[in-house]
Amino acid sequence: MIAITAPSQRFSRLLANPSAGAILLLVILIVAMSVAFPNFFTGINAGNVSNQMVFVLLLALGMTVVLITGGIDLSVGSVMGLSAGIGAYTITSGAPLVVGLLTTMAVGAFLGLINGIMITKLGLPDFIATLAMLGVARGALFLWTGGVPIIGYMLPEYYVISGLSQPFGFITVPILIAIVAVVVVAVVLKFTSYGRHAYGLGSSPHAAVLSGVPVARIKVIAYMISGLMAGVAGMIMAGRNTTVAPTMGLGYEVAAIAAAIIGGAALGGGRGSAFGAVIGALVLSITANAINIAGVSSSWQQVVTGGVLLLAVVFDRVSSLIRARSARLATRLAHA
Amino acid sequence: MFPSNVTAATQVGLAAEAPIVEARRLGKRYPGVIALDDVSLSLRAGEIHALLGENGAGKSTLIGLLSGLSNPDSGELLVDNKTRNFTSPRQAQDLGISTIYQEQTLAPHLTVIENVYFGRELKRGPFLDERAMRRRVESLCEEFGLSKTDLDLPTGSLGALKQHVVQILKALAFDARVVILDEPTSGLEDSERQMLFDHMRRMRERGVALLWVTHRLDELFGLADVITVLRDSRWVAHVAPTDQTPDSLVRLMVGRSRNLAESSTVHDGREGLSDTEQAEVLKLTEVTRLPLLRDISLTVRQGEILGIAGIAGAGRTELARVILGADRTDSGEVFVRGRRVLIRNPRQATKLGISLVPEERKTQAILGSMSIAQNISISSLDDVSTGTIVLNNRKEKNAANRFVTELRIRCSGVTQKIGTLSGGNQQKVIIARALFNKPSLLIFDEPTQGIDVAAKTEIYRLIYDFVDKGGAAIVISSELPELVNLSDRIVVMREGRLVGELTGQRRNTTGGTDNELAEKIMAMVAGVTEQSRVAEETP
């Protein structure tokens, strides 16, 4: 009896690990890609993938923090576009590059602050507040620019900062920025009381209130982190594209949520990690790269992103069902 | 009442030292309800203070005031002889008052150590001081039966006792001087319960003042140092357990009004009604669904009202869910009208003639923005459709009008929104919805929750009408007088088991409640065994 159940239990436990599925998916993906496309596993392509994944990774990091607290941020794509637009505009009006870049990040964090205030002070559902921000920020960018892309802000240093010029080989400045962001978010989540409060809040809001956790502050900061990450991503993308089109960042919220969820963040809160966000962003970027190499229409990319998101959620649902069932089985055995 | 409290307290007079917490004539009102009225209480170091009372006696409100969840409207709360006004649970905690709530208030994804320090983490500079937290928890855990390997598990994976222990550690890690335990033994096995009592003794030895809410009177003896009894939101008595028996405590909790006590023999001789000849509508044999239901066997016959008594968490709602097929059974058999069935979901239960009038009308029953007619027809749309596809408004209205007349629902018309009706009329609409399914068995879960007295009587009449016309009813209610007056038979549930069966007062409409019967049920609900009763009565 024990001999029969042991392997299946081990398998269940493996499935129950939130990151296990994503890592498995990633390995399969890499192996399949290497077999199918000989030029996938090359330094140049690795550099391509890394430089492309920076945007989704940064957004997914912020999204992971928000998801851990039990919220969701639908506005990241629009926030990314609007903050990049405002930052670029300050440079065209004569401000130094540093001021322009700081402005971009500050606008992102500020829009996140507004999201947080709408949710905690006005009591709006996360979904509605950030959906409104998605619409308003995007609309503002269109109205303000009149639909005409912003240009003329590309100072020489911006080429380096955005990774367009690569003085250190394929390790570009954006990749370094992303690494720093991953480390900072990982440290905050794992080693600070803010992180502990965020996990606990998402795990049980009721327990958080009774334990004296400053719930509103934790949420507002989570949305500010998400906004800041969108601002940083916008800053890099403005340099990468050399123009800020009013459509910049359109639809990126889906990729950000997908990457975070693939990486083990739960829609119900309480779970997720910076490491998971990296895995999730890698999975999405490699599939995008595959579509690119295979020469398939890039419209497929959205279909695939949506499909992978669906798969991740189904996987999450199945693994939590398995966990619940084995817990009930354990009580039954204990009473038998 | 207050002076007698003082004398009683001095009689008990265990400790001469000043109490840590002193509640003076606390009162709390909510719109339309007096939740607590003039209640006083003192908590002293190294003392286990038991708090008794029926459901709704005001225990939870009192705990809420002491733990900083809400503020009193009148009276004073003193901690260390200073008047305090708590604005958050955190303030109470900072003064050394920790509360272990009945519902789990741990974050299930966090580990034991993380939960103990959740909200009050130890830090070194900007970072968490994991080592200091681990050291402190490790120094406490083994004494309270947690192994070091447990400390890194998420609390959601621990059993009920261990989760309680985590909450105890959470209090002790911060040197709590007062620990409030709200029914800590509910959901625990017997052996686990004994371990919890040992933990409570350990806390007492450490000089902690414990306030202990419990329903199980047999637990008190040998453990509690003083007992405070509440009834109907008021303070009733402050006694020492040495002067009491389980029965005398039950009397204090239920209260005996002298002029009604004589009616206690009303039900005599009713057993001869030979309802055993009536057809069985539902029969359960040894139905089990762990961890909450064990070996439940019962029958409900045509024309009968079966009452189910028990405290919250005793398994009453879980039993209803199993009968409805909302949860599967682990083992045991279910028979409907003599035929063995496996009910997979509530829809199938409806087809078999079993319907539920759920508790929590607001969240589980009414569709607030829809009309009375729409609320009645929602689970029988086939019956108000043309060719089962296109809804037929006229059919729907006709059916609704029939119910409005039959059940005397007071409204301006069937198109009125249900949200604008009174609680009693809303409940009638929900009953109409259940009746529309033409059930042979109706399960009423807390049927008169939040309904005024006059409307309650009408709800009772609807239940009588239903069984008189050949239906059968199961009534789950926390209001003991209601259950006693309504039911033909009453089964008592405790910790997932049926622990007794009694004959009810059967549709007693005279208003007098059989107090002796109520006390008997209360004693069973509270786990006072026949043996302990006999032992107490023959000193």
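Look a little higher up for the structure.
Scope of this entry: the structure provided in the associated data block.

Rules used throughout
- Residues numbered from 1 in each chain as written.
- Chains lettered and ligands numbered in written order.
- Predicted model: local features only at pLDDT ≥ 70, side-chain atom pairs only at ≥ 80, totals over all residues.
- Heavy atoms only, no water.
- Helix = DSSP H or I, 4+ residues; strand = E, 2+ residues; numbered from the N terminus.
- Contact = heavy atoms within 4.5 Å.
- Areas by Shrake-Rupley, 256 points an atom, 1.4 Å probe, with all protein chains shown as cover.
- Axes fitted to C-alpha atoms, helices over the stretch in contact; angles between N-to-C directions.
- Parallel < 35°, antiparallel > 145°, perpendicular 65-115°, else oblique.
- Left-handed = near helix turned anticlockwise from the far one by under 90°.
- Nonpolar A, V, L, I, M, F, W, Y, C, P; charged D, E, K, R; others polar.
- Pairing = 2+ DSSP bridges.
- Phe/Tyr/Trp six-rings, centres within 6.5 Å; stacked < 30°, edge-to-face > 60°.
- Buried < 20%, exposed > 50% of the residue type's maximum accessible area, 1.4 Å probe, protein only.
- Lys NZ or Arg CZ within 6 Å of the ring centre and 35° of its normal.
- Polar contact = N/O pair within 3.5 Å; in protein donor to acceptor, adjacent residues only side chain to side chain.
- Buried area = accessible area lost by both parts, 1.4 Å probe.
- Salt bridge = Lys/Arg side-chain N within 4 Å of Asp/Glu carboxyl O.

1. Quick look at the overall build of chain B
Check the secondary structure of chain B and you find 20 helices and 24 strands. Look at the contacts in chain B between residues 6 or more apart in sequence, and 67% of them connect residues 24 or more apart. Counting only carbon and sulfur atoms, one obtains 49% of the accessible surface of chain B, whose full area is about 23400 Å².

2. Here we look at the packing of helix H3 (residues 43-68) of chain A against helix H8 (residues 173-191) of chain A
All names here are of chain A. Remark: H3 packs on H8, axes separated minimally by 9 Å, with the N-to-C direction vectors making an angle of 20°. Taken together, the axis directions place H3 and H8 in an arrangement best described as roughly parallel. Here H3 and H8 pass one another in a crossing that is left-handed. Each of Ser50, Asn51, Val54, Leu57, Leu58, Leu61, Val65 and Ile68 in H3 lies in contact with H8, whose residues at this interface are Pro174, Ile175, Ala178, Ala181, Val182, Val185 and Leu189. Broken down by class, the residue content of the contact of H3 with H8 amounts to 13 nonpolar, two polar and no charged.

3. Topic: the sheet that holds strand E22 (residues 472-476) of chain B
All names here are of chain B. Strand order in the open sheet made by the six strands is E18-E21-E22-E15-E23-E24, with mixed pairing throughout. Edge strands, defined here as strands with exactly one partner in the open sheet, are strand E18 (354-357) and strand E24 (497-503). Taking the axes of each pair of neighbouring strands and ignoring which way they run, one obtains an average angle of 20° across the sheet. Sheet contacts for helix H16 (residues 423-436): E18 and strand E21 (441-445); angle to E18, the most-contacted strand, approximately 170°. Against the sheet, helix H19 (residues 515-525) touches strand E15 (305-309), strand E23 (489-494) and E24, its axis set at about 175° to E24.

4. A closer look at the packing of aromatic side chains
Residue and element names in this part refer to chain B. Tallied over the entire structure, the rule returns five aromatic pairs over all chains. Geometrically, the ring pair formed by Phe403 and Phe436 is edge-to-face, given 5.6 Å between the ring centres and 65° between the ring planes. Placement of the pair is Phe403 in helix H15 (residues 393-406) and Phe436 in helix H16, with a sequence separation of 33 residues. Summarising the burial analysis for this pair, Phe403 and Phe436 share the class buried. The ring of Phe174 carries the charged tip of Arg120 above its face, separated from the ring centre by 3.7 Å.

5. Overview of the pairing of strand E12 (residues 234-239) of chain B
Residue and element names in this part refer to chain B. Inspection of the sheet shows strand E11 (residues 226-231) paired to E12 by five bridges, in the antiparallel sense. Across the sheet, residue Thr228 finds its bridge partner in E12, namely His238. Here E11 hands over to E12 after two residues, with Asp232 in that stretch at a positive phi of 50°.

6. Structural notes on the side chain of Gln426 of chain B
All names here are of chain B. Turning to its location among the elements, Gln426 is positioned in helix H16. Judged by relative accessible area, Gln426 falls into the buried class, the value being 8%. At a separation of 3.3 Å, a polar atom in the side chain of Gln426 contacts the main-chain carbonyl oxygen of Ile418. Those residues in contact with Gln426, other than ones at most four positions away along the chain, are Arg361, Ile366, Ile418, Gly419 and Leu421.

7. Quick look at the interface of chain A and chain B
The partner chain B presents 28 residues to the 26 residues of chain A that form the contact. Taken together, both faces of the contact between chain A and chain B bury some 2300 Å²; the carbon and sulfur share is 59%. If you look at where chain A meets chain B, you find two salt bridges. In this structure, Arg196 of chain A and Glu130 of chain B form a salt bridge, with 3.0 Å as the shortest nitrogen-oxygen distance. Viewed at the interface, chain B and chain A are joined by eight residue pairs in polar contact (both at pLDDT 80 or more). Sorting the residues of the side of chain A that touches chain B by element identifies H8, helix H9 (193-203), helix H10 (205-210) and helix H14 (299-335) of chain A as the ones contributing at least two each. For the side of chain A that touches chain B, the element with the most residues is H9 of chain A, which contributes seven residues. Within the side of chain A that touches chain B, the residues separate by chemical class into nine nonpolar, 12 polar and five charged.

Everything listed is a geometric property; what it means functionally is a separate question.
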